[in-house]
Amino acid sequence: MWQAIKDRETGRVRSNSFANRFKSRRVSSLQLSNRKDFVSPHRGSVNSLQVDLTEGRYLLSGATDGSAAVFDVQRATDYEASGLIAKHKCIFTVDKQHEHGHKFAISSAVWYPIDTGLFVTGSYDQFIKVWDTNTAQAVVDFKMPGKVYRTAMSSMAMSHTLIAAGTEDVQVRLCDIASGAFSHTLSGHRDGVMSVEWSTSSEWILYTGGCDGAIRFWDIRRAGCFRVLDQSQTQLGVRPPVLKPPEVSSKSSSAAKSSFGGQNRLKTLQNKQTGSQSIKGSSSAKASVEKSRQKKLHPGMLSTLDRATAHYGVVTGLKATNNGMYLLSAGSDSRIRLWDIESGCNTLLNFETGRIQTNKAIQLDTSDDPALVFVPCMKTVKGFGMWSGRTTLMLRGHYESVNTCCFNSNDQELYTSGADRQILVWSPEGSMEDEMVQDEVAEDKDNWSD
Amino acid sequence: MELFRPHGEAQDFLFIATERYKFCVLQWDYESSELITRAMGDVSDRIGRPTDNGQIGIIDPDCRVIGLHLYDGLFKVIPFDNKGQLNEAFNIRLEELQVLDIKFLYGCVKPTIAVLYQDNKDARHLKTYEISLKDKEFVEGPWSQNNLDNGADLLIPVPSPLCGVLIIGEETIVYCSANAFKAIPIRPSITKAYGRVDLDGSRYLLGDHAGLIHLLVITHEKEKVTGLKIELLGETSIASSISYLDNAVVFVGSSYGDSQLIKLNMQPDAKGSYVEILEKYVNLGPIVDFCVVDLERQGQGQVVTCSGAYKDGSLRIVRNGIGINEQASVELQGIKGMWSLKSSIDEAFDTFLVVSFISETRILAMNIEDELEETEIEGFSSQVQTLFCHDAVYNQLVQVTSNSVRLVSSTTRELRNKWDAPAGFAVNVATANASQVLLATGGGHLVYLEIGDGTLTEVKHVLLEYEVSCLDINPIGDNPNHSQLAAVGMWTDISVRIFVLPDLTLVTKEQLGGEIIPRSVLLCSFEGISYLLCALGDGHLLSFQLDTSSGKLRDRKKVSLGTQPITLRTFSSKSATHVFAASDRPAVIYSNNKKLLYSNVNLKEVSHMCPFNSAAFPDSLAIAREGELTIGTIDAIQKLHIRTIPIGEHARRICHQEQTRTFAICCLRNQPSAEESEMHFGRILVFIVEEGRLQLITEKETKGAVYSLNAFNGKLLAAINQKIQLYKWMLRDDGTRELQSECGHHGHILALYVQTRGDFIVVGDLMKSISLLIYKHEEGAIEERARDYNANWMSAVEILDDDIYLGADNCFNLFTVKKNNEGATDEERARMEVVGEYHIGEFVNRFRHGSLVMRLPDSEIGQIQTVIFGTVSGMIGVLASLPQEQYAFLEKLQTSLRKVIKGVGGLSHEQWRSFNNEKRTAEAKSYLDGDLIESFLDLSRGKMEEVSKGMDVQVEELCKRVEELTRLH
């Protein structure tokens, strides 16, 4: 660190790469925090966690007992163990006793992305409710045709206030907070929809994952879904290999012929087959791609395409990376897949997941870079290298299966919650704790020796 | 930034892409000497993550496309159409995530890039892609090269006919093309910059991290590369850019030391170096630390910076204003005027110095031992005050006193002629040049005399309606001994008039306005332009451009130099003419780019000045001030003076002890050190300085690296990794001393920067913005009082006042936070409010209170607090806390100026100054761009009026307010 700060001072290291390096070092040292505790008021499995998008200050949780709670992640309510452990009690809860409270489990709780004045909960009692944070009163509710599995709001949205909801029903509904009515009904899935996720690059693009194993892409300005992800569509050969146009000069064609170039190409192809990071994207300007796709796929998408699946079984979680280029999906087939959003291709990256919960929606998250993917794998949370699929972090702490991961990029902290009703904080390892204890001892000694 | 020349264009165009994702294409227009913006646009994307390794902007050598790599995984292409216009940009997915360098290759049928990248396993490879414009897609290129040198991070495309690319690594240099592969080993070095020597690309200059410059030669037979050769040429500053100009002259741009212009000689010199340094261009960057000192204790600050890095490390002393290097001084009270005289008009040096007092005149001269001693000129009247003296033609001297004009031979020193003032009229003011005398007596009589060989002829006498306050006939025409015009300042109607000599016909009368009479007028010419300067009794100076043939005045400007009457005198230094304005804040007026500039002289109160160019004190000035006559030389005439003290090591920290007038500097030897992930141990060393020696008296081990030390209430406050620790300075039983920890505060990620004020401690955290701690004496504890909860990565902090703290962050922003004293709840009080935000565009390393200009405590400006900052790129800036009323006024002015002054390439000033980090962009608030506001003074009159109309304020008033501002720095 000392060296890095010196290099930053002299301009040898670019300041943003300095910051990124330090952040990723912190993320890779996550461990169960013994300095910070959320006091969970929930008496059931905690199904949803989200830190607000504006200040990064308030954590919203939703649980099976029908309660939702808000915590301040920055300021502790009180301290224990002579100020060493910060206790964060919830600021308020809304539960079954509340006059507007949900009757059954809350499956999803999300913040209104523009400010912290509103939040949205979706429940198995078939209602989606929009709450005023300051008064803790429900201001709008939507009656859904079945249990609500997942709700989502677009963090990019400047011109709409839509809640996308995945329910038991085959249709995805978009609920407009402004009007209090459904604005869209998206049909395509053949079973309930477990996961919904908005694009991180366009406010109009929505991704949904269903119990039918399909992941569908929607442009809500147009009718119908414009893409169904196919796990068998990989990227090999998408980019044409050495092209020898007839007008090629003698020099470059001789180059292509020379065994030298050929060998190299072979090697790179092999690399791809072993499934390293290489991700081949057919791409061009986004709009034009969409246009061409639209032409190809609409109307009447080919039925073979329409039946494509992303997972064998249920798609339980979706997460779009914040650079807008990739989509992660989790399935009840215990697989995590990384998709190239532009081309819709499966990158074939093999994440060493082990078992993943099959009957419930799970919440994945990624670190900022995005270099790490956090996935609840039964009782542990695993951190995978985004480009290698290798397990780099094993976070054990929950007593029962974990439902959600929520990464706080301000502090590089990870919040997880599970069926054991706990919300755990994983923070970067500082030498802080040990040092502190040692220090205290040392200080005592000093005083004695005086 | 890249130059390019599309087909069929006579001129190169300049392509610029900014960090904020804007680009523009510029063209230079010879005729109007202006930049023309050919194209501009925004290249930001909603997807992708900004690259870690820096943005890359490249242009195809055949000008078919511009390529940009701004986000990981994306390559943006801006194609040219047939007419050389830019078409719509598109992105191509680049599968290599860790891109180190991208270059376009020469001699390819389609635009082709070579990509140097690092894979998951940290191995480095090179790949080529053709850009297919039709499909907006890459086509895998003709060749690639795997497993390169692990330090490879620079590509050099080789032009036709050789083509291909050079890959510069730390241990090897590889030439690679479709049909050739040549490699040579090199001494381990990190190449930072390259410059192409020949157009055919067979020779390159490479500059490395140690400042060594190498010549790389590609040997070839016809178009076939046969090998590589490398040769050490010599040492320069550590290069960050190398441009081969012509005739073996090379410009070496450096960000760690001074940039240099070097010549590469055919033969090595005695030390075996082929490099000859022709010129140096000062670069202060990177300013790692600095302190503001007032060594002369005059209220004038100087900045001493730790500049440069590695072997180019140095201390730089930056001083505003012009210094006088004192050569000699005598105590003399009550000087009323001074003139230097020559013993013969053709002589190069001045011999006599005439010093006038209230009732006598003394003459000083250089004797044989080069000492100044009193002498006499018989012909002069020494019992009265002299009003004016001058050398005159025919080896004569002229002296004007209140009742006579005397003409004296400079060789015999005898009186040759005399003109007496009419009885009852005393001469009040007088001036002269080598052949003319102009004087005014009481009652408004203006008398013009001409000097002949032993004669004094009264040529003209006019009666003016008011008394004359000052006059001047300094020759500004072709004849250095004779003036066509006379300038006269008047009492009562407060005007300045121009008369034509010898008839004393009035040609121009300019009312000055106000009630302050002109005290000194001066005709002078700078860079071929004639000016009339007129100094008022209240320290203001008016300048006019003077038409010498018609005597008309135009382009009136007013500045305030001081508060007391000003006396103007010309002098020359380094063969250029300047004007010295003597007053309570002496200044030098000079001209640069046909614009008058004013620079302070680092002296307090000067009453009189005259040039005194004697053999013993060449190019000197005689200066009368505070009962003292000083003879000294003057610095080069420019605004900032920078003195370099090379250290040859990397200076990291500096501090100044005022009592002993010493600086302590902490240096790093340039040695490679293994990167350690986290410092678990550190030390605080306490030294005592005795008789110029450092002696270690105690040391204290700490549990972590010490990032900052502050003196705090007689104790020592240290920032050690995550905590702030306070140490007491204790006396042990055995008489030795030690640091004993008293209390601490945890809860930071890394406490990097600490400032204190009273019991308050302000901490700048690595990534957690600013927090405010308070030391409680009774409890002997440090507690957190408030913090800013934004996730700003700090680079410097400073305390502006009790409630407002200033910070600079990683994303080149400045911001201010305010302690919330009125909050209703503890919770509210514990949050600091962000009150100001601004994008400075520079990485600030340090803030310090202080000022570079003379502060007069009684003036209005003296009340304005300023903070100086130093940045990585070598910028020194001043932040001033303006009063609310002035801020509001200047903000309005800034808004109007934005409309009038258009940025180069159509870049918006407002956007540029908006606060920006990874998470958000917000309009700048509570900060103004002084550079923009001050550029008002450079505007043409027409544009000024446009601004003034927009603001509904007079141009003069605007000028005055802006000039007030310029005096802050």
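What you are looking at is a predicted structure, and each value in this text was computed from that prediction instead of being measured.

Some points on the overall build of chain B
Piece 1. Across its full length, chain B holds 6 helices and 77 strands.
Piece 2. Taking all contacts inside chain B whose residues are at least 6 apart in sequence as the whole, residues at least 24 apart take part in 47%.
Piece 3. Carbon and sulfur atoms provide 48% of the accessible area of chain B, an area that totals close to 42,000 Å².
Piece 4. Side-chain charges in chain B split into 96 positive and 131 negative, and the spacing between the mean points of these groups amounts to 3 Å.

Some details on the UniProt feature "repeat: WD" (unreviewed entry) in chain A
All names here are of chain A.
Piece 1. The feature "repeat: WD" (unreviewed entry), as given by UniProt, occupies residues 99–141, 186–228, 308–344 and 395–427 in the numbering adopted here.
Piece 2. The distance from the first to the last C-alpha atom of residues 99–141 is 13 Å, and the span holds 0% helix and 53% strand.
Piece 3. Helix makes up 0% of residues 308–344 and strand 46%. Its end C-alpha atoms lie 12 Å apart.

A short note on the confidence of the model for chain A
Caution applies to low-pLDDT regions: their predicted coordinates should not be interpreted in detail.
Residue and element names in this part refer to chain A.
Piece 1. On average, residues of chain A score 80 in pLDDT, and 80% of them reach the 70 mark or higher.
Piece 2. Within the model, the stretch residues 241–300 combines pLDDT values under 50 with 94 contacts to residues more than four positions away or in other chains.
Piece 3. Note on residues 431–450: pLDDT is under 50 here. Beyond four places in sequence and across chains, it has 25 contacts.

Things to note about the nonpolar core
Piece 1. Among the nonpolar cores identified, the biggest contains 35 residues, and Leu-328, Ile-336, Leu-338, Phe-351 and Val-375 of chain A are the most heavily contacted of them.
Piece 2. Elements supplying a minimum of two residues to this core: β21 (326–331), β22 (336–340) and β25 (372–377) of chain A together with β2 (13–17), β3 (22–29), β6 (65–69) and β7 (74–79) of chain B.
Piece 3. Ignoring sequence-local partners within four residues, the contact set of Leu-328 of chain A consists of Gly-317, Leu-318, Lys-319, Ile-336, Arg-337, Leu-338, Phe-351, Leu-364, Thr-366, Val-373 and Met-386 of chain A.

Here we look at the pattern of salt bridges
Residue and element names in this part refer to chain B.
Piece 1. Throughout the structure, instances matching the rule amount to 61 salt bridges over all chains.
Piece 2. Between Lys-76 and Asp-45 there is a salt bridge, and its shortest N-O distance comes to 3.4 Å. Placement of the pair is Lys-76 in strand β7 and Asp-45 in the loop between β4 (34–42) and β5 (56–59), with a sequence separation of 31 residues.
Piece 3. The class for Lys-76 is buried, based on a relative accessible area of 9%.

Here we look at the sheet that holds strand β65 (residues 751–757) of chain B
Residue and element names in this part refer to chain B.
Piece 1. The antiparallel open sheet is built from 4 strands, whose spatial order is β65-β66-β67-β68. Pairing within the sheet leaves two strands with one partner each, and these edge strands are β65 and β68 (781–787). For this sheet the average axis-to-axis angle between neighbouring strands, irrespective of direction, equals 30°.
Piece 2. Bridge count between β65 and strand β66 (residues 760–765): 6 bridges; the pairing is antiparallel. Residue pairing for β66: Val-754 is matched across the bridge by Val-763.

Focus on the confidence of the model for chain B
All names here are of chain B.
Piece 1. Of all residues in chain B, 97% have pLDDT values of 70 or greater, and the mean over the chain is 87.
Piece 2. When pLDDT is averaged over each element of chain B, strand β71 (residues 813–818) comes out on top at 95 and strand β1 (residues 2–4) at the bottom at 63.
Piece 3. Here the predicted complex scores 0.80 on pTM and 0.79 on ipTM.

Things to note about unusual backbone geometry
Piece 1. Omega for the bond connecting Gly-285 of chain B with Pro-286 of chain B falls within 30 degrees of zero, at -15°, which places this linkage in the cis form.
Piece 2. You can see Pro-286 of chain B is positioned in the loop between β24 (275–281) and β25 (289–293).
Piece 3. For the bond running from Leu-501 of chain B to Pro-502 of chain B, omega is 5°, close enough to zero to count as cis.
Piece 4. In this structure, Pro-502 of chain B sits in the loop between β43 (495–500) and β44 (505–511).
Piece 5. Positive phi is not limited to glycine here, since Gln-126 of chain A has a value of about 75°.
Piece 6. Structurally, Gln-126 of chain A can be placed in the loop between β9 (118–123) and β10 (127–132).
Piece 7. On the accessibility criterion, Gln-126 of chain A (23% relative accessible area) is partly exposed.

Here we look at the sheet that holds strand β14 (residues 165–168) of chain B
Residue and element names in this part refer to chain B.
Piece 1. Spatial strand order, β13-β14-β15-β16: 4 strands in an open sheet with antiparallel pairing. Both edges of this open sheet fall to β13 (154–157) and β16 (181–185), since each of them pairs with a single strand only. The mean inter-strand angle of the sheet, taken between neighbouring strand axes irrespective of direction, is 15°.
Piece 2. Taken together, the 4 bridges between β14 and strand β15 (residues 172–176) define a ladder with antiparallel strand orientation. Along β15, the bridge assignment pairs Val-165 with Cys-176.

Some details on the packing of aromatic side chains
Piece 1. In the structure shown here, the tally under the stated rule is 28 aromatic pairs over all chains.
Piece 2. An aromatic cluster is present here, built from Tyr-58, Phe-92, Trp-111, Phe-119 and Trp-131 of chain A joined pairwise through their rings.
Piece 3. Seen from the ring of Tyr-326 of chain A, Arg-93 of chain B lies directly overhead, with NZ or CZ sitting 5.3 Å from the centre.

Quick notes on the rules
Residues numbered from 1 in each chain as written. Chains lettered and ligands numbered in written order. Predicted model: local features only at pLDDT ≥ 70, side-chain atom pairs only at ≥ 80, totals over all residues. Heavy atoms only, no water. Helix = DSSP H or I, 4+ residues; strand = E, 2+ residues; numbered from the N terminus. Contact = heavy atoms within 4.5 Å. Areas by Shrake-Rupley, 256 points an atom, 1.4 Å probe, with all protein chains shown as cover. Lys, Arg positive; Asp, Glu negative; His and termini not counted. Charge placed at Lys NZ, Arg CZ, Asp CG, Glu CD. UniProt positions renumbered as here; feature names shortened; annotations may be inferred. pLDDT = per-residue confidence, 0-100. Core = buried A, V, L, I, M, F, W, Y, C linked by side-chain atoms within 4.5 Å. Buried < 20%, exposed > 50% of the residue type's maximum accessible area, 1.4 Å probe, protein only. Salt bridge = Lys/Arg side-chain N within 4 Å of Asp/Glu carboxyl O. Pairing = 2+ DSSP bridges. Axes fitted to C-alpha atoms, helices over the stretch in contact; angles between N-to-C directions. Phe/Tyr/Trp six-rings, centres within 6.5 Å; stacked < 30°, edge-to-face > 60°. Lys NZ or Arg CZ within 6 Å of the ring centre and 35° of its normal.

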